[in-house]
Structures are given as C-alpha cells and as structure tokens.
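# A look at the structure
Chain by chain, the residues:
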Amino acid sequence: MNIQKIIKIVALVIGLIAVFFLVRIMMIGDEAIEADPANQGILSGFANLAYVVLAIATISAVVFSLVNLVSHPDKLKKALMSLGVFALVLAIAWFASSGEERLLSDGTTLSEGGSQLIEAGIKAFYILIMLAAGLMLFFGVKKMLSK
C-alpha cells in the first residue's frame, strides 16, 4: 500500500471523527452547552481532535520539507543562504535597537531586554519590508527595461 492511500484513509478517519463531534455539538445546541458545564466536555473532544490534526500537519510539513532539502543539495544551499540573510537582518535590528525600561499602562514594568527585543522585532519588520519593496522595484524596472 503506497503512502497516498494511507494518507487518504487517515484523512477520511479524521474527517469522520470530526463530523461525529460536530453532529453531537449541533444536536445538543449552543444554549445547552453554555448553560451546563457537563456538556462542555463534548467541546474538549473536538478541541483535542483539532490539536491532533494541527500536530500531524505541522510534523508532516517539517519532515517533508527537510527530506526535500536533504535530497536536493542546491535547494539546501539556497535555504541556508536565506536563513543566513534573515539572521543578519535580525542581528542588525538587534544591535540598532536600544533597550530602555518602560512603565506599561497596567502599572507593570517592561524590562530592558524585553524592550530591546520588541524594538528589534519592529526594526527587523521594517528592514524586511524595505528589502522586499526594493527587490520588487528593482526586478520590475529590470523587466521593463529588458523589453
């Protein structure tokens, strides 16, 4: 049995379990679930199924991506270069930000490290936006000039 048939069967089983929980929830009704805490156990089954599906999707995406990268060295090289550029952008944003202790609106204090981390994230976001806009502009102009 090949992997596609196994995946289809697993997807069918998960779908049937989800339909079962959905029908049970619909049969009980919203008001009954909100009014009686004992009925809220039905929702936990549905939530647990969602967690399982999320875990399966995440694990399969990571595993298949890693297998694809390992089997194609040229793609692995490009991925590592992209990761290096991203790390460089994060490092530039980190060193360009200053951490200052701040008083928050709820009365608590944000530490210097937390402040620097937030500021670095915002600056990294701005750098990535500018980089993306610059690359789109560059390749758009290049395409227009080549015609």
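Treat the numbers as computed from the prediction; the structure is a model and nothing was measured.

Interhelical geometry of helix α4 (residues 73–96) versus helix α5 (residues 112–146) gives an angle of 130° and a closest axis separation of 8 Å. With respect to each other, α4 and α5 are oriented oblique. The chirality of how α4 crosses α5 is right-handed. Contacts between α4 and α5 involve Phe-86, Val-89, Leu-90, Ile-92, Ala-93, Trp-94 and Ala-96 on the former and, on the latter, Gln-116, Leu-117, Ala-120, Lys-123, Ala-124, Ile-127 and Leu-128.

Checked against the element boundaries, Phe-64 lands in helix α3 (residues 41–71). Residue class for Phe-64 comes out exposed when judged on its relative accessible area of 53%. For the pair formed by Phe-64 and Ala-18, sequence separation is 46 residues and the distance between their alpha carbons is 25 Å.

Below, the discussion takes up the environment of Glu-101. Inspection of the secondary structure puts Glu-101 in the loop between α4 and β1 (102–103). Not counting chain neighbours up to four residues away, the residues in contact with Glu-101 comprise Thr-109, Leu-110, Ser-111 and Glu-112.

Mapped onto the secondary structure, Ile-127 falls in helix α5. Of the residues examined, Ile-127 reaches a relative accessible area of 29% and is grouped as partly exposed. Put simply, Ile-127 and Gln-4 are 123 residues apart on the chain and 42 Å apart in space, counted from C-alpha to C-alpha. Beyond its immediate chain neighbours, meaning those up to four positions away, Ile-127 contacts Val-89, Ile-92 and Ala-93.

Another aspect to go through is α5. Taking 1.5 Å per residue, 35 residues should reach 51 Å; α5 reaches 50 Å between its end C-alpha atoms and fits that length. Taken as a whole, α5 has its buried residues at Gly-114, Ser-115, Gln-116, Glu-119, Ala-120 and Ala-124. Looking at the buried positions of α5, the neighbouring elements they touch are α4, β1 and β2 (109–110).

Pairing between side chains of opposite charge can happen when the charged atoms of each approach one another. Here the structure, examined in full by the defined rule, presents one salt bridge. Of the charged contacts, one joins Lys-123 and Glu-119 as a salt bridge, the two residues approaching to 3.3 Å between their closest N and O atoms. Taken together, the residues span about one helical turn, with Lys-123 and Glu-119 both in helix α5 at a distance of four residues. Relative accessible area serves as the criterion here: at 27%, Lys-123 is assigned to the partly exposed category.

This brings us to helix α1 (residues 3–28). With 26 residues, α1 extends 38 Å from end C-alpha to end C-alpha; this agrees with the ideal 38 Å at 1.5 Å per step. Residue Asn-2 occupies the N-cap position of α1, its side-chain oxygen lying 3.1 Å from the main-chain nitrogen of Lys-5. Of the residues flanking the end of α1, it is Gly-29, one or two places downstream, whose phi is positive at about 95°.

The rules behind each value
Residues numbered from 1 in each chain as written. Predicted model: local features only at pLDDT ≥ 70, side-chain atom pairs only at ≥ 80, totals over all residues. Heavy atoms only, no water. Axes fitted to C-alpha atoms, helices over the stretch in contact; angles between N-to-C directions. Helix = DSSP H or I, 4+ residues; strand = E, 2+ residues; numbered from the N terminus. Parallel < 35°, antiparallel > 145°, perpendicular 65-115°, else oblique. Left-handed = near helix turned anticlockwise from the far one by under 90°. Contact = heavy atoms within 4.5 Å. Buried < 20%, exposed > 50% of the residue type's maximum accessible area, 1.4 Å probe, protein only. Expected span 1.5 Å × (residues − 1). Salt bridge = Lys/Arg side-chain N within 4 Å of Asp/Glu carboxyl O. Polar contact = N/O pair within 3.5 Å; in protein donor to acceptor, adjacent residues only side chain to side chain.

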